[in-house]
Amino acid sequence: MLWTLIKTIWLFLPAYTPNNFAVLSGGGRPIDMGKNFVDGRRILGDGKTFRGFAGGVFGGVLTGIIQYLSEPLLGLSYFTTLTFSSALLLFLLLSTGSLAGDMLGSFIKRRLGIGRGEKAPILDQLDFLIISIVFASFHRDFSSLYTPEVLLLAIVVTPILHKLVNVIAYLLRLKDVPW
Ligand code: CTP
Ligand code: MG
């Protein structure tokens, strides 16, 4: 069980880190260009920026590469069961899926009238995970790594981990709010 938990976190790390890198690199022009949707509210809001997206993808892929290179040293064999280029594609899918999910979450929040930076339980913790799973499922080796057991555990533990990381980011003053 503990080992499955470690494996799960390991396999989803390239989907977890993009949002933290987005916090660090974010700013500048918002992806929705400041425009409103038909309901008169912002499409996504000022919290989704091009710089945040680019920095997030970079961060997620970098995380995966570091994991790939450290697996032999740690005696692990997950991403390294794939060739490097195949793993790179998986990291790209996980990172972009994570940020796309985060954007979808913001889109839904704005439609519900929830302001930028206001919390939306469940949505804030699972939007990025669900879409990163959808994106990664297009990878041909997806099912050999992400077993039903791993996917289920990820959905259960991610909200807890998410909370933990955001509280730490808040305490480090990287985020304005602890969610
Ligand atoms: N960020 C960014 N671009 C992204 C995602 C995040 O610039 N694509 C940065 C923004 O500075 C954002 C911060 O990371 O404020 C935290 O991200 P998140 O919590 O997802 O955004 P919120 O500001 O809370 O906005 P929302 O209510 O839309 O989730
Ligand atoms: Mg937020």
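Preceding this paragraph is the structure being described.
Just so you know, these numbers come straight off a predicted model, no measurement behind them. (Residues numbered from 1 in each chain as written. Chains lettered and ligands numbered in written order. Predicted model: local features only at pLDDT ≥ 70, side-chain atom pairs only at ≥ 80, totals over all residues. Heavy atoms only, no water.)

Asks: I'm lost on the pattern of salt bridges in this one. Help?
Replies: Oppositely charged side chains may form a pair once their charged atoms are brought near each other. Evaluated as defined, the whole model comprises five salt bridges. Between Arg42 and Asp46 there is a salt bridge, and its shortest N-O distance comes to 2.9 Å. A relative accessible area of 41% places Asp46 in the partly exposed class. Asp102 is the partner of Lys48 in a salt bridge, and the nearest nitrogen-oxygen pair spans 2.9 Å. Separated by 54 residues along the polypeptide, Lys48 in the loop between α1 (2-25) and α2 (50-74) and Asp102 in helix α3 (residues 84-111) bring together distant segments of the chain. With respect to class, Lys48 is no different from Asp102; both count as buried. (Salt bridge = Lys/Arg side-chain N within 4 Å of Asp/Glu carboxyl O. Buried < 20%, exposed > 50% of the residue type's maximum accessible area, 1.4 Å probe, protein only. Helix = DSSP H or I, 4+ residues; strand = E, 2+ residues; numbered from the N terminus.)

Asks: I tried to follow unusual backbone geometry on my own but got confused; where do I start?
Replies: Most peptide bonds adopt trans geometry, and most residues besides glycine take a negative phi value. Even without being glycine, Ile122 reaches a positive phi, approximately 70°. When you line up the elements, Ile122 lands in the loop between α3 and α4 (123-136). Of note, Arg173 is a non-glycine position whose phi angle comes to about 65°, a positive value. Within the secondary structure, Arg173 is located in the segment after α6 (148-171). Residue classification places Arg173 among the exposed positions, given a relative accessible area of 74%.

Asks: I'm lost on the site of ligand 1 in this one. Help?
Replies: Surrounding ligand 1, one finds 17 residues, the nearest of these being Lys48, Thr49, Ser106, Arg110 and Arg116. A distance of 2.6 Å separates an oxygen atom of ligand 1 from a polar side-chain atom of Lys48. Here an oxygen atom of ligand 1 and a side-chain polar atom of Lys109 are 2.9 Å apart. With the chains in place, 87% of the 570 Å² that ligand 1 exposes on its own is no longer accessible. Using a 2 Å cut-off from the grid points, one finds that ligand 1 occupies the largest pocket. Elements that contribute at least two residues to the shell around ligand 1 include exactly α1, α2 and α3. Looking at the shell around ligand 1 residue by residue, the classes come out as three nonpolar, eight polar and six charged. (Near = heavy atom within 4 Å. Polar contact = N/O pair within 3.5 Å; in protein donor to acceptor, adjacent residues only side chain to side chain. Areas by Shrake-Rupley, 256 points an atom, 1.4 Å probe, with all protein chains shown as cover. 1 Å grid on protein atoms, 1.4 Å probe; cavity = no way out; pocket = protein on both sides within 12 Å on 5 of 7 lines; lining within 4 Å. Sits in = over half its atoms within 2 Å of the grid points. Nonpolar A, V, L, I, M, F, W, Y, C, P; charged D, E, K, R; others polar.)

Asks: Can you help me understand the packing of α1 against α3 in this one?
Replies: Two quantities define a packed helix pair, namely the angle between the axes and the distance from one axis to the other. Packing of α1 against α3 brings their axes to within 8 Å, and their N-to-C directions diverge by 50°. Judged by the angle between their axes, α1 and α3 are oblique. Here α1 runs over α3; the crossing is right-handed. Along the contact surface, α1 presents Leu11, Pro14, Ala15, Pro18, Asn19 and Ala22, while α3 presents Phe91, Leu94, Ser95, Ser98, Leu99 and Asp102. Grouping the amino acids of the contact of α1 with α3 by side-chain chemistry returns eight nonpolar, three polar and one charged. (Axes fitted to C-alpha atoms, helices over the stretch in contact; angles between N-to-C directions. Parallel < 35°, antiparallel > 145°, perpendicular 65-115°, else oblique. Left-handed = near helix turned anticlockwise from the far one by under 90°. Contact = heavy atoms within 4.5 Å.)

Asks: Help me out: how do you make sense of the nonpolar core in this one?
Replies: In globular proteins that are soluble, nonpolar side chains generally tend to be buried together. Counting residues in each nonpolar core, the largest one holds 29 residues, and the members touching the most others are Leu11, Phe12, Phe79, Leu90, Leu129, Leu145 and Tyr146. Of all the secondary-structure elements, those providing two or more residues to this core are α1, α2, α3, α4, α5 (142-145) and α6. Ranked by residue count, the leading element in this core is α1, at six residues. Not counting chain neighbours up to four residues away, the residues in contact with Leu145 comprise Lys7, Leu11, Tyr78, Phe79, Thr81, Leu82, Leu90 and Val150. (Core = buried A, V, L, I, M, F, W, Y, C linked by side-chain atoms within 4.5 Å.)

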